[in-house]
Amino acid sequence: MIKYEDLDPEAPIGVFDSGVGGLTVVREIIRQIPNESLLYFGDTARVPYGTKSKDTVLRYTRQIVRFLESQKVKAIVVACNTVSAVALDEIEKEVNVPIIGVVKPGVKAASQATRNGKIGVIATKATIESNIYATYLKKIDPNAEVLGKACPLFVPLVENGLLEDPVTDEIAARYLSELMDRGIDTLVLGCTHYPLIRSTIARTVGEGVTLVNPAYETALELKALLSQYGIESKERPRLGSNKHRFYVSDDAQGFEVFANSVLKYGILSAQVINIENY
Ligand code: DGL
């Protein structure tokens, strides 16, 4: 049970992902609620999660949540579709702070965006196999046609910085042609790494397909959650590198270069922790 009175409004919000993908959610949270401070963890030593079993992802997630709780975060955002799809239901029962994932907000945004009811979902193998997007989308519209496609090469392409590259174009064309042939009008970027190759995906599917990035709706939902618990920060928005804290399980320097190019809000530094200790 969450004890509301124990949550400190000036504590940071914990945000995590398997690697750099969750930064696309961080970017949106900073845009929409700039007075909040964030504590990010990227599991750079163990990325990718999307090809691993549910048990492994659950074990990793428990360690990360324990780390975030040890840092006294006031809320947690699971900035990873894979974790939201396979582990969030169980983790929700175990944590002592409010927690949200990215799948439900993505579902909401997609159901509002589609006009012909044919929705494509691209995500990791684990997220697609969980069938979570189709399950929730069909609860909103039982006639919706949901076409899922696992895109396992996208995460390593992004983690290796090949955001604008002929190789990424080629892979995108292969992954997306089937969805295009089936007449989708909406495509959910169901992995937080994918907004980083948004322009490649947009070029491949063309203007007739609306791309849905669940990060926008997730930040909105986070804002509502903080208000529900009465734990919004009263601090004035301020920019700068020391407002947010970044932790990784490996290669802090590589993460810093990447994060600085994604967030563009000042020089940021990351610290390595041993996540296996939690
Ligand atoms: N960014 C994550 C997601 O949203 C995980 C990608 C991975 O590690 O495979 O699914």
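Our subject is the structure that appears above.
Quantities reported herein were computed from a predicted structural model and do not represent experimental measurements. (Residues numbered from 1 in each chain as written. Predicted model: local features only at pLDDT ≥ 70, side-chain atom pairs only at ≥ 80, totals over all residues. Heavy atoms only, no water.)

Visitor: What exactly am I supposed to notice about the environment of Gly230 here?
Guide: Residue placement: Gly230 occurs in the loop between α11 (214-229) and β9 (245-248). A relative accessible area of 43% places Gly230 in the partly exposed class. When the C-alpha positions of Gly230 and Pro9 are compared, they lie 7.7 Å apart, and in sequence the two are 221 residues distant. (Helix = DSSP H or I, 4+ residues; strand = E, 2+ residues; numbered from the N terminus. Buried < 20%, exposed > 50% of the residue type's maximum accessible area, 1.4 Å probe, protein only.)

Visitor: Explanation requested: the packing of helix α9 (residues 166-181) against helix α10 (residues 198-205) in the structure shown.
Guide: Two elements in contact, α9 and α10, have axes separated by 9 Å at closest approach and are oriented at 50°. Taken together, the axis directions place α9 and α10 in an arrangement best described as oblique. In terms of crossing hand, the pair formed by α9 and α10 is right-handed. Along its contact with α9, which presents Thr168, Asp169, Ala172, Ala173, Leu176 and Met180, the element α10 presents Thr200, Ile201, Arg203, Thr204 and Val205. (Axes fitted to C-alpha atoms, helices over the stretch in contact; angles between N-to-C directions. Parallel < 35°, antiparallel > 145°, perpendicular 65-115°, else oblique. Left-handed = near helix turned anticlockwise from the far one by under 90°. Contact = heavy atoms within 4.5 Å.)

Visitor: It is not clear to me how the site of the ligand should be interpreted in this structure. Could you clarify?
Guide: Near the ligand, the surroundings consist of 14 residues, among which Ser18, Tyr49, Asn81, Thr82 and His193 are the closest. Take Ser18: an N or O atom from its side chain is 2.6 Å from an oxygen atom of the ligand. At 2.8 Å, a side-chain N or O of His193 approaches a nitrogen atom of the ligand. (Near = heavy atom within 4 Å. Polar contact = N/O pair within 3.5 Å; in protein donor to acceptor, adjacent residues only side chain to side chain.)

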